[in-house]
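So you can see what is in the structure, the chains are spelled out below.
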Amino acid sequence: MAIAHDKRVFLSELAGKVHRALVTLESLPLPAVAAVQGAAAGAGLGLVLAADFVVAGRSRSFAAAYAAVGLSPDCGVSALLPRIVGTRRAAQMLLTGRALSGVEALD
């Protein structure tokens, strides 16, 4: 993103690709499994939230990350996060940028 010639075009194309991926993920005839091998943040968190099952180790982290860059949540995060973690924890993650550990995410 930092080296994109036209950031607006870049972000529009990126958002379109992620949207199509989420629609495809949701329409799969079989359950989708997300394997988290690092931090799931921003759009990556959206992909994890859209999966039917998540496999992740204790040392993994989950963060909305939008507050740090002054953006509103995208990739389904604003709808899926409260549904999965509850309204208060979602608000905490979205407004403060606080990440959850793998253990907290399991809870």
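Conventions and cut-offs
- Residues numbered from 1 in each chain as written.
- Predicted model: local features only at pLDDT ≥ 70, side-chain atom pairs only at ≥ 80, totals over all residues.
- Heavy atoms only, no water.
- Pairing = 2+ DSSP bridges.
- Helix = DSSP H or I, 4+ residues; strand = E, 2+ residues; numbered from the N terminus.
- Contact = heavy atoms within 4.5 Å.
- Axes fitted to C-alpha atoms, helices over the stretch in contact; angles between N-to-C directions.
- Parallel < 35°, antiparallel > 145°, perpendicular 65-115°, else oblique.
- Left-handed = near helix turned anticlockwise from the far one by under 90°.

Considerations on the sheet that holds strand β5 (residues 100-101)
Right, on to step 1. Strand order across the open sheet formed by 3 strands is β2-β4-β5, with mixed pairing between neighbours. Every interior strand has two partners, whereas the edge strands, β2 (39-41) and β5, have only one.
Right, on to step 2. In terms of strand pairing, β2 meets strand β4 (residues 61-63) through 3 bridges, oriented parallel. Considered in β4, the bridge of A39 is made with S61.
Right, on to step 3. Packing of helix α2 (residues 43-50) onto the sheet brings it into contact with β2 and β4, and relative to β2 it is tilted by some 100 degrees.

Considering the packing of helix α3 (residues 77-85) against helix α4 (residues 87-96)
Pairs of packed helices are described in terms of their axes, by the angle between the two and the distance that separates them.
Right, on to step 1. Their axes nearest at 7 Å, the elements α3 and α4 cross at an angle of 135 degrees. Between α3 and α4, the angle is such that the two are oblique. Of the two possible hands of crossing, α3 and α4 adopt the one that is right-handed. Contacts between α3 and α4 involve V77, L81, P82 and V85 from the first element and T87, R89, A90, M93 and L94 from the second.

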